[in-house]
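# Coordinate inspection notes
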Amino acid sequence: MRIAVRTPLRPMQVKVVKMATWNRITPGCVDNQNIIKYTGKSVDQCKALCISHGTGIECLGFEYYENHGGAGTQYQPGDCQLNSGTNTGGCPGDVHNLDFYVRLPPSPPPPPSPPSPPPPSSPPPPPPDIVIT
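Right, let's walk through the structure included here. (Residues numbered from 1 in each chain as written. Predicted model: local features only at pLDDT ≥ 70, side-chain atom pairs only at ≥ 80, totals over all residues. Heavy atoms only, no water.)

### Section: the overall build of the protein
Under the convention used in this document: Secondary structure elements are defined from DSSP: runs of H or I of at least 4 residues count as helices, runs of E of at least 2 residues count as strands, and each element is numbered from the N terminus. Note on exposure labels: buried denotes an accessible area under 20% of the residue type's maximum, exposed denotes more than 50%, and partly exposed covers the range between, all computed with a 1.4 Å probe on protein chains only. In these tables, accessible area is a Shrake-Rupley quantity obtained with a 1.4 Å probe, and a residue counts as shielded only by the protein chains included in the view.
In terms of regular secondary structure, the protein is built from 2 helices and 5 strands. Secondary structure of the protein in N-to-C order comes out as β-β-α-β-β-α-β. Per-residue burial over the protein gives 23% buried out of 133 residues. Of the roughly 10500 Å² that the protein leaves accessible, carbon and sulfur atoms contribute 58%.

Printed below as a string of structure tokens:
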């Protein structure tokens, strides 16, 4: 004889993460705004590192190695440099072999729906019958 035993389902843990949108500037880099450099990362991993960075300095974007044929040797494939700035002017990404991914703010939520109209009111009760005797 076989007895089926059911175990109660456990509620699923869900973590809501605000998604960021990114613009890629290729080639591109930012001078003097480096936070921390990671190696051996994919672009998606760099995005996640930037979003989750929490040491008091906000990550606004990151430089990522991309071979542009430049003479720079400081960065290698998989290098990801988080940045606290977004001004790419004056930084030669082609020389350093870097692209810059700038984090865009999330879109504002849609406006709230207008309130529902009140339900129609009921008609007043009919007057009582009048009896004249």
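### Looking at the pattern of salt bridges
Note the threshold: Any carboxyl oxygen of Asp or Glu that lies within 4 Å of a side-chain nitrogen of Lys or Arg is treated as forming a salt bridge with it.
Across all of its chains, the model carries 3 salt bridges by this definition. Between Arg 24 and Glu 66 there is a salt bridge, with its nearest N and O atoms 3.6 Å apart. Taken together, the positions of Arg 24 in strand S1 (residues 21-25) and Glu 66 in the loop between strand S3 (61-65) and strand S4 (80-83) put the pair 42 residues apart, joining distant regions of the chain. The partly exposed category is assigned to Arg 24, whose relative accessible area is 44%. Members of the salt-bridge network, linked through shared partners, are Arg 24, Glu 66 and Asp 99.

### Digging into the state of the cysteines
In plain terms, the rule: Any pair of cysteine sulfurs within 2.5 Å is marked as a disulfide.
Enumeration according to the criterion identifies 3 disulfides in this entry. There is a disulfide in this structure between Cys 46 and Cys 80, and the S-S distance comes to 2.3 Å. In this pair, Cys 46 is assigned in helix H1 (residues 43-52) and Cys 80 in strand S4, connecting sequence segments 34 residues apart. Like Cys 46, the residue Cys 80 is buried in the burial classification. Bridging Cys 50 to Cys 59, the disulfide has an S-S length of 2.0 Å. Measuring handedness by torsion sign, the sulfur bridge of Cys 50 and Cys 59 sits at about -105 degrees and is left-handed. Each member of the pair Cys 50 and Cys 59 is classed as buried. Among the cysteines of the protein that take part in disulfides, numbered as they appear in the sequence, the pairing is 1-6, 2-5, 3-4.

Worth remembering: the numbers are spatial, not functional.
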